[in-house]
Structures are given as C-alpha cells and as structure tokens.
Amino acid sequence: MIEKIKETADYIRSRNIEIPDVAVILGTGLGALVDFISDKIAIPYTELPNFPVSTVEGHSGNLIFGKLGNRPVLAMQGRFHYYEGYSMKEVTFPVRVMRELGIKTLIVSNAAGGMNKEFRVGDIMIITDHINMFPENPLRGKNLDEHGTRFPAMTRAYDPAMISRADAIAERNSIRVMHGVYVGVSGPTFETPAEYEFYRIIGGDAVGMSTVPEVIVANHAGMRVFGVSVITDLGGKDIEEIPTHEEVQKAAAAAQPSMMKIIRELINEID
Ligand code: HPA
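The structure reproduced in this document is the subject of the present report. (Residues numbered from 1 in each chain as written. Predicted model: local features only at pLDDT ≥ 70, side-chain atom pairs only at ≥ 80, totals over all residues. Heavy atoms only, no water.)

1. A closer look at the site of the ligand
Here comes step 1: The local shell around the ligand consists of A111, A112, G113, F190, E191, Y196, V207, G208, M209, T232, D233 and V248.
Here comes step 2: Contacts to the ligand include G113, whose backbone N or O atom sits 3.3 Å from a nitrogen atom.
Here comes step 3: Residue T232 places a side-chain N or O atom 3.5 Å away from a nitrogen atom belonging to the ligand.
Here comes step 4: The protein chains hide 95% of the 260 Å² of surface that the ligand would expose on its own.
Here comes step 5: Breaking the shell around the ligand down by element, the ones donating at least two residues are β5 (105-114), β8 (206-208) and β9 (224-234).
Here comes step 6: Counting residues per element, the shell around the ligand draws most heavily on β5, which supplies three residues. (Near = heavy atom within 4 Å. Polar contact = N/O pair within 3.5 Å; in protein donor to acceptor, adjacent residues only side chain to side chain. Areas by Shrake-Rupley, 256 points an atom, 1.4 Å probe, with all protein chains shown as cover. Helix = DSSP H or I, 4+ residues; strand = E, 2+ residues; numbered from the N terminus.)

2. Concerning the pairing of β5
Here comes step 1: Taking burial as the measure, the ten residues of β5 include ten buried ones, the bulk of the element.
Here comes step 2: Bridging between strand β1 (residues 22-26) and β5 involves four bridges; their strand directions are parallel. Residue pairing for β5: V22 is matched across the bridge by T105.
Here comes step 3: Pairing of β5 with β9, which is carried by ten bridges, proceeds in the parallel orientation. In the strand pairing of β9, A112 is matched with I231. (Buried < 20%, exposed > 50% of the residue type's maximum accessible area, 1.4 Å probe, protein only. Pairing = 2+ DSSP bridges.)

3. Re the pairing of β9
Here comes step 1: In terms of burial, β9 is largely enclosed, as nine of its eleven residues are buried.
Here comes step 2: Inspection of the sheet shows strand β6 (residues 124-132) paired to β9 by three bridges, in the antiparallel sense. Bridge assignment links I126 to a residue of β9, and that residue is V228.

4. Looking at helix α5 (residues 212-220)
Residues three or four positions apart in an α-helix share a direction because the helix packs 3.6 residues into each turn.
Here comes step 1: Across the nine residues that make up α5, a large majority, nine, are buried.
Here comes step 2: A positive phi of about 80° marks G222, the residue just after α5.

Right, here's the structure in full:
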C-alpha cells in the first residue's frame, strides 16, 4: 500500500509541479472553484499510476495544481464515491497521496440532505462533526504506520480554528451559515422518511454519500480538515418533497457563489 502511494506521489513530483500545502476536494456545489485557479496544471486521473479507474463513462477526473489568489493549491476535480462500487481504500487513496506529497490541510465539500428543522434548501452548513454510517471504516485492516496511529482520535476531526475563520468570513460577507453534524451513508438511495428521522434523532443535521471516509483518513494522517455542505433537499417525516438528483444539482449550483466566497477567502487566510 505505502509503495503504491509513494509511486503516485513520486510521479506527481516528477512533473515539476509546485506542491501546495492545501488541497480541496470539489464536491457538488464547488466545481466552479476551478475557474478561479490560475497557472493550472491538470493531471487526469487516468495518467496517475495506481489511481482508481473511473468506471463511469464521460465522468473524467483531474488533479488540478495551480494558484488560488497567491496560494498554491491542489483541487481534486471529481471524487470516488463508495456507492459507485469503489472500496474504501480506493475512495481514500487520493487523500493518502496528498499526505505523501506533504499537504497539511484538506478542505472538503459536498451536497447533503437536511434533517435539522431550521435548515432551508440552499443553506450552507459548516461541518462541525460527523457520524460514520458507512458499512465500514476506511482504516479497517493493517494500519499504515507511516501515516498514523492504529487508534486515531476523531475528537476534533474538523478543525475548530478553521470553523471560526469561516464563520468570520461568512459574517463579513453577510452569508447565512449553519453549523451541523454530517451523517455519512453509502447511498445511492436517498433516505426513507423514517431514515431521515432516525439520522436526526441520533444527532445528525444533514446526510450525504461522501466525505466521511476522506475525513477519517485525513485525520489519521494528521491533516487539518475543514468541511462544508450545501443543503440541497430536506428530509423527515413531515417533508412531502421527493429528492431528485436534478434538484440536488440545481440547489448546489445556486449556493455555489457563497460557498466559493467562503472557501476562497479561507484558503487565503489560513496559515
Ligand atoms: N441524502 C443523501 N445524500 C444526499 C442527499 C440526501 O438527501 N442530498 C444530497 N446528497
């Protein structure tokens, strides 16, 4: 495993790229961040040794190196979802490579369904914590001692200082942001009303099909994490609307400018 990670990292280094210390996983609702990256070098996943092979046709992914403001960044355009059939090791392989490259901060974004009764479609939720409801943990199996300890703490999986920074950015830009607990599920079904209700009762504010595996691995590897969700639909026993992929895409697109503002300023400000 570690050899494969090193091989991929070595390949990237061999391209004479300035290696950043921040990476962003562009989920639904943050894709257009790429448009703000200058001096771009895009490496298609298909060129990267050991990277998972994308099964979905026309669903290309790229690692994009460049500058956001004055800061070098790596943007992951397209992530691997567990529901597509990838193993947890494949889903989290890119995060292992990031850590191997020396990246210290990981920013993740996603679309999620809201259970918190105060939430509205289009809200931005800063993730303060998560509940892993995937059927497995990405760290199951032999521990990768080179990256971290066998039993890593997840007490501060989402960096409190970055959350405060993001709050301040949102406030000065008059952007409404909520805080909440993200429940990570395998999908690909959206939840039944009873499931949304269950995830709310156990302490969740929003539910989605990504992020948790990457965040667990990033924490294992000692990276600092910031996560944000766009609330694209609402679920629960009193909610009549039926979520659809199209609606999720539309709501995420509408929230994109605010989401991008927060992430761009956050990246500029972090030390
Ligand atoms: N459930 C799970 N994943 C999602 C949802 C949802 O309601 N909305 C966007 N991603």
